[in-house]
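One letter stands for each residue in the lines below.
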Amino acid sequence: MSTTPAARPSATPGNTLPREHYLNATYGIRSWLLTTDHKRIALLYLVSVTFFFFIGGAFATMIRIHLLTPNGYLVTAETYNKLFTMHGVAMIFFFLIPSIPAVLGNFLIPLMIGAKDLAFPKINLLSWYIYLVGGSFVLYSFSTGGLDTGWTFYTPLSSVYSNSAVTPAVIGVFINGFSSILTGLNFIVTIHTMRAPGMTWFRLPLFVWAHYATSIIFILGTPVIAITLLLAGLERMLHLGFFNPALGGDPILFQHLFWFYSHPAVYIMILPAMGVISEIIPTFARKPIFGYTFIAGSSIAIAVIGFFVWAHHMFLTGESAYAALTFSLLSYLVAIPSAVKVFNWTSTLYKGSISWDTPMLYALGFIGLFLVGGLTGLFLACLGLDIHIHDTYFVVAHFHYIMVGGAVMGYVGGLHFWWPKITGRLYPEFLARIAAVTLFIGFNLTFFPQFILGYLGMPRRYHSYPPEFQVFNVMSTAGASILALGYLLPMVYLIWSMRYGTVAGRNPWPATGLEWQTDSPPLTENFDVTPEVTWEAYDFVNRPDLGLDVKGAPSLAPAHGDD
Amino acid sequence: MSEHHIVSPKIYIAIFVALMVCTILTVYAATVDLNQYFSGLNIIVALVIATLKASLVVLFFMHGKYSPKRTQLVIVCSVFWLAIMLFMTMSDYVTRLWS
Amino acid sequence: MHRTGELFGQFETMEQQRESASLGMWVFLSTEVLFFGGMFMTYTLNRSTYPDVFGEASRSINLTLGAVNTIVLIASSLTMAMSVWASQVGKKQLLTIFLILTLILGSVFLGIKGIEYHEKFVEHHVPGLNFSFEPGASVATNAHAQLFFSLYFAMTGLHALHMIIGAGLLIWLIGQSLKGRFTPEYSTPVDLIGLYWHFVDIVWIFLFPLLYLIDRH
């Protein structure tokens, strides 16, 4: 009897969790708050980013309810400005940027490369604490007057005229930047120096390549927003004039410096998700990924070229026409490596043996939604078209397609895919599929109408709108309620599964990475013996240990000898 | 350092002397009006000398010359990225009046 | 913190540990390049927009003190490099001496900086405090001069903060060196703090001509 490729995850009743693993190795709150185990730190981050997701989500809820009617009666115009600002700051800096790297990256990178931990475990813990300190400053800002400058902190509104709690917010984001920087530093050093014997660069899982590329951006981009916010904060506190035209300063300089980081930041948010997809697709198509080298190279290309396009956010703010032309052309170029990935994922699916497990649903959803988001990015990069759609809901829809339809689906899909490794248990598959479909439907209903709204001319960051736009706004809010359900369901059943889920075993899918060779959940030190890698990445064919009946590979005969 | 290459004190002292000479040179050059020969020559000279000094510190004091390739890549990338920020931002300002 | 150069649990060999530490410090320094870089960008734009006022403001800061500080800091880089050498050849006493010399020179730098800042305070050149560059000149000139001084204090201030942190690290290093902790096999903290110190020197190597030597002719 052979296991068919489309079989359900191979957990059999009677499996038990390993006796000792990282979750029960030590007990007590100190063992968690002072841990240096990358896996525990990943879970600490999981809790914190989820908390900020709720905060950002609460603001989103208020925005969507307010926008149900054209002359929104829920909040005043000033409060509305605070709502979208705080939604953006919480979601971008405290949820999206850390999510996959700090949760999945931290958990998986040492496992995937065969190491016992990251290169600097104490710095890893420090990163989490720095994140909390930054988050506290921002929460303080939110609760003592809020923030109304937009997450972009444009000057001189933020540095001179705003009456909201800008200074603590800017301090919080500044401090949080160091959390990112240290995480990126840890990843780069770890990937360079701590790979197990035989784990060459081109045998690395693409998830690791994605995080390496992301870490380049962490390292080279984040310091720039740090110094920019520091200067803006000093300007506000001491009435200096760097970015204040009344004092000879230049607000466009602020924008250049701000976007020099914040554009690459969007690649920080999407590259890890692409890494997740590159792991899920081969697993559930039972095929090696198509074009490994191109996907690895395109990750680096996106990270590098992504630093050359920032002023496409400034086409309408007064930059020179020649600069605009250059940045527009470069923005078209940066789409190419992303497209390469989409082609490669699709080619991997071709003639694969597809199974529709939940992570695969998220991955397929990602490909479709990222495609829409990415293509609409090209619309925005087109100078003539941008004049019409800049600062409208078209932009809002574009980036939500990438950030939510792309990054968040990658994150949730990745959580599901590696949940058995993290907790030792399987989530309930049927309920999970329903949640994935709910999320997909809710998402499209929320954000597709926004493309139409933007095209028709509804500006973003406005608390009221002409009555003819109401029908699309109502659709969007309705969609948002379904989307919220799509987020809440996994939170419920994932927590449920930690106690009641079926025990997963080492490799339930099965998948080919080194992380699937360890116990679920793994030991604190990950591997009993340092592994030695002799196979290529995603090699489903030459891996009899996976028990797959794949293209001529021998199937595992059961113990009672049935050939 | 991982490369275990021991740079002799003689080299350090030679580099120090070079750095001192460059410092004196840069102060002297600032007192001469070089802009009359070529617009912006003063700042160019100042930056060339500073870059030379920095390079000596990186190569010899920081053992850059004896470091593994990946360290050298890190050094080159930092400078390159700073250059991206400086050049591409200034390209906006410099071309504003072209049209 | 390691005491006698023991191997940390996540590493397989001392070589791996050493390589990781070194790469880690270099990657950190690259973040510092971009961190200071943002201010160099602000400086570049403002100087190219207001060349005359920047020249005038630059002339009002003390060139002699700046030049002396440059020499002091480069000398401290020499003594720091010498301390790395001393640790590599196992000359523990010389190591301590060179580290102490580095600390002394760094402190001299900070002392001179303090004198400079005091001078600026007395002349009402501190933005946000009591700024008044040229009472008779136009509002614009004063505003643009304030831009120069804002950059002067922000850039040299951030640099001085890095020096203070460096001095703290040196004090710790001297303590460890006095306990004989560093040998030719293990001198990683000396190497890493040395790299940091040289980087701070390099920042000054650029700050000096850009702030003090704009227009001295």
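Residues numbered from 1 in each chain as written. Chains lettered and ligands numbered in written order. Predicted model: local features only at pLDDT ≥ 70, side-chain atom pairs only at ≥ 80, totals over all residues. Heavy atoms only, no water.

Draft legend 1. Layout of the overall build of chain A. Counting its secondary structure elements, chain A contains 15 helices and zero strands. Oriented by its inertia axes, the alpha-carbon framework of chain A measures out at about 85 × 45 × 45 Å. Evaluated residue by residue, chain A yields a buried proportion of 64% over its 563 residues. Across chain A, contacts joining residues at least 24 apart in sequence account for 82% of those joining residues at least 6 apart. (Helix = DSSP H or I, 4+ residues; strand = E, 2+ residues; numbered from the N terminus. Buried < 20%, exposed > 50% of the residue type's maximum accessible area, 1.4 Å probe, protein only. Contact = heavy atoms within 4.5 Å.)

Draft legend 2. Region of interest: the overall build of chain B. Looking only at helices and strands, chain B has three helices and zero strands in total. When the helices and strands of chain B are listed from N to C terminus, the series reads α-α-α. What you see for chain B is a C-alpha radius of gyration of 18 Å, clearly larger than the 13 Å of a compact globule of 99 residues, by over 25%. The principal-axis extent of the C-alpha atoms belonging to chain B is close to 55 × 35 × 10 Å. (Rg over C-alpha atoms; globule rule 2.2 N^0.38 Å.)

Draft legend 3. Fine view of empty space enclosed by the protein. All names here are of chain A. The tally for this structure, following the rule as stated, stands at nine cavities of 30 Å³ or more. What the largest cavity holds in volume is close to 100 Å³. Surrounding the largest cavity, 13 residues form its lining, Arg203, Pro205, Thr512, Gly513 and Ala537 being those nearest its centre. Grouping the amino acids of the lining of the largest cavity by side-chain chemistry returns eight nonpolar, two polar and three charged. (1 Å grid on protein atoms, 1.4 Å probe; cavity = no way out; pocket = protein on both sides within 12 Å on 5 of 7 lines; lining within 4 Å. Points joined across faces, edges and corners; volume = space filled by probe spheres on them. Nonpolar A, V, L, I, M, F, W, Y, C, P; charged D, E, K, R; others polar.)

Draft legend 4. Fine view of the packing of helix H8 (residues 251-285) of chain A against helix H13 (residues 393-423) of chain A. Residue and element names in this part refer to chain A. Close contact between H8 and H13 brings their axes to 8 Å; oriented N to C, the two are set at 45°. With respect to each other, H8 and H13 are oriented oblique. The chirality of how H8 crosses H13 is left-handed. Judged by residue contacts, Val266, Met269, Ile270, Ala273, Val276, Ile277, Glu279, Ile280, Thr283 and Phe284 of H8 engage Ile402, Met403, Gly406, Ala407, Gly410, Gly413, Gly414, Phe417 and Trp418 from H13. Across the contact of H8 with H13, the residue classes tally to 13 nonpolar, five polar and one charged. (Axes fitted to C-alpha atoms, helices over the stretch in contact; angles between N-to-C directions. Parallel < 35°, antiparallel > 145°, perpendicular 65-115°, else oblique. Left-handed = near helix turned anticlockwise from the far one by under 90°.)

Draft legend 5. Inspection of the interface of chain B and chain C at higher detail. Facing the 45 residues of chain B at the interface are 46 residues of chain C. At the boundary of chain B with chain C, total buried surface from both sides reaches about 4100 Å², with 80% on carbon and sulfur atoms. The residue Glu19 of chain C makes a salt bridge to Arg70 of chain B at a minimum N-O spacing of 2.9 Å. Going through the elements one at a time, helix H1 (9-31), helix H2 (41-61) and helix H3 (69-94) of chain B are the ones with two or more residues in the side of chain B that touches chain C. (Buried area = accessible area lost by both parts, 1.4 Å probe. Salt bridge = Lys/Arg side-chain N within 4 Å of Asp/Glu carboxyl O.)

Draft legend 6. Region of interest: the domain arrangement of chain B. All names here are of chain B. The domains assigned to chain B are domain 1 (1-67) and domain 2 (68-99). A straight line from the C-alpha centre of domain 1 to that of domain 2 covers 21 Å. Taken residue by residue, the interface counts six residues in domain 1 and five residues in domain 2. Linking domain 1 with domain 2 are zero salt bridges, by the criterion used here. Taken together, the connections running from domain 1 to domain 2 amount to one residue pair in polar contact (both at pLDDT 80 or more). Per-class residue counts for the side of domain 1 that touches domain 2 are two nonpolar, three polar and one charged. (Domains from an automatic or database assignment. Polar contact = N/O pair within 3.5 Å; in protein donor to acceptor, adjacent residues only side chain to side chain.)

Draft legend 7. Local environment of the interface of chain B and chain A. On the side of chain A, 21 residues touch chain B, which itself brings 15 residues to the contact. Both sides together, the interface formed by chain B and chain A hides about 1600 Å², and carbon and sulfur atoms give 74% of it. When the buried area of chain B at its contact with chain A is split by residue, Trp81, Met85 and Met88 of chain B rank highest and sum to 38% of it. Connecting chain B to chain A are zero salt bridges. Where chain B touches chain A, the interface holds six residue pairs in polar contact (both at pLDDT 80 or more). Here the side of chain B that touches chain A is built from residues that sort into seven nonpolar, five polar and three charged.

Draft legend 8. Local environment of the packing of aromatic side chains. Tallying each qualifying case throughout the model produces 67 aromatic pairs over all chains. Centroid distance Trp496 of chain A to Tyr500 of chain A: 5.8 Å. Interplanar angle 35°. Geometry classified as tilted. In this pair, Trp496 of chain A and Tyr500 of chain A are both assigned in helix H15 (residues 470-500), four residues apart and thus about one turn of the helix distant. Taking the centre distance of 5.1 Å and the plane angle of 85° together, the rings of Tyr152 of chain C and Phe153 of chain C count as edge-to-face. The same class applies to Tyr152 of chain C as to Phe153 of chain C, namely buried. Lying across the ring of Trp32 of chain A, Arg40 of chain A places its NZ or CZ 4.3 Å from the centre. (Phe/Tyr/Trp six-rings, centres within 6.5 Å; stacked < 30°, edge-to-face > 60°. Lys NZ or Arg CZ within 6 Å of the ring centre and 35° of its normal.)

Draft legend 9. Quick peek at the nonpolar core. The biggest cluster of nonpolar side chains holds 289 residues, and the ones touching the most others in it are Val89, Phe93, Trp345 and Trp418 of chain A. Each of two domains, domain 1 (1-67) and domain 2 (68-99) of chain B, supplies a minimum of three residues to this core. Ignoring any residue separated from it by four or fewer positions in sequence, one finds Trp418 of chain A in contact with Leu104, Leu108, Met112, Phe207, Val276, Glu279, Glu515 and Trp516 of chain A. (Core = buried A, V, L, I, M, F, W, Y, C linked by side-chain atoms within 4.5 Å.)

Draft legend 10. Looking closely at the side chain of Asp386 of chain A. Considering the arrangement of structural elements, one finds Asp386 of chain A in helix H12 (residues 383-389). Those residues in contact with Asp386 of chain A that lie beyond four places of it in its chain are Phe315, Leu316, Phe379 and Leu380 of chain A.

Draft legend 11. Inspection of the side chain of Ser299 of chain A at higher detail. Residue and element names in this part refer to chain A. Mapped onto the secondary structure, Ser299 falls in helix H9 (residues 292-305). Look at Ser299 and you get buried, because its relative accessible area is 1%. Leave out the neighbours within four places in its chain, and Ser299 touches Trp209, Ala210, Ala213, Leu271 and Lys341.

Draft legend 12. Focus on the environment of Met91 of chain A. Residue and element names in this part refer to chain A. Turning to its location among the elements, Met91 is positioned in helix H3 (residues 77-113). The buried category is assigned to Met91, whose relative accessible area is 12%. The spatial distance from the C-alpha of Met91 to the C-alpha of Leu157 is 21 Å, given a sequence separation of 66 residues. When sequence neighbours within four positions are dropped, the list of residues in contact with Met91 reads Phe53, Gly56, Gly57 and Leu96.

Draft legend 13. A look at the confidence of the model for chain A. All names here are of chain A. Averaged over all residues, the pLDDT of chain A equals 93, while 95% of them reach at least 70. Under a pLDDT of 50 for its full length, residues 1-14 has, in the predicted model, 25 contacts with residues more than four places off or in other chains. Low pLDDT, under 50, characterises residues 552-563; the stretch is placed with twelve contacts to residues that sit more than four places away or in other chains. (pLDDT = per-residue confidence, 0-100.)

Draft legend 14. Broad picture of the pattern of salt bridges. All names here are of chain A. The final tally for this structure, using the stated rule, is eleven salt bridges over all chains. Residue Glu429 is joined to Arg433 by a salt bridge in which the shortest nitrogen-to-oxygen separation is 2.8 Å. Of this pair, Glu429 and Arg433 are both found in helix H14 (residues 429-456), four residues apart, which corresponds to roughly one turn of the helix. Of the residues examined, Arg433 reaches a relative accessible area of 29% and is grouped as partly exposed. Among the ionic pairs, Asp519 bridges to Arg506, the shortest N-O distance being 3.1 Å. Here Asp519, found in the segment after H15, pairs with Arg506, found in the segment after H15; they are 13 residues apart in sequence, far enough to count as distant. The exposure class of Arg506 is partly exposed, given its relative accessible area of 42%.

Draft legend 15. Representation of H2 of chain B. For H2 of chain B, with 21 residues, the first-to-last C-alpha span of 29 Å sits near the 30 Å given by 1.5 Å per residue. Buried within H2 of chain B are the following residues: Asn42, Ala46, Ile49, Ala50, Lys53, Ala54, Leu56, Val57, Val58, Phe60 and Phe61 of chain B. In this structure, the buried residues of H2 of chain B make contact with H1 and H3 of chain B together with helix H3 (63-88) and helix H6 (188-212) of chain C. His63 of chain B, located one to two residues past H2 of chain B, shows a positive phi value of around 60°. (Expected span 1.5 Å × (residues − 1).)

Draft legend 16. Here's a closer look at unusual backbone geometry. Residue and element names in this part refer to chain A. Along the chain, Thr155 connects to Pro156 via a cis peptide bond; the corresponding omega equals -5°. Note that Pro156 resides in the loop between helix H4 (121-143) and helix H5 (157-161). Put simply, Trp509 and Pro510 share a cis peptide bond, and its omega is -10°. One can find Pro510 in the segment after H15. Despite not being glycine, Phe153 shows a phi value in the positive range, around 50°.

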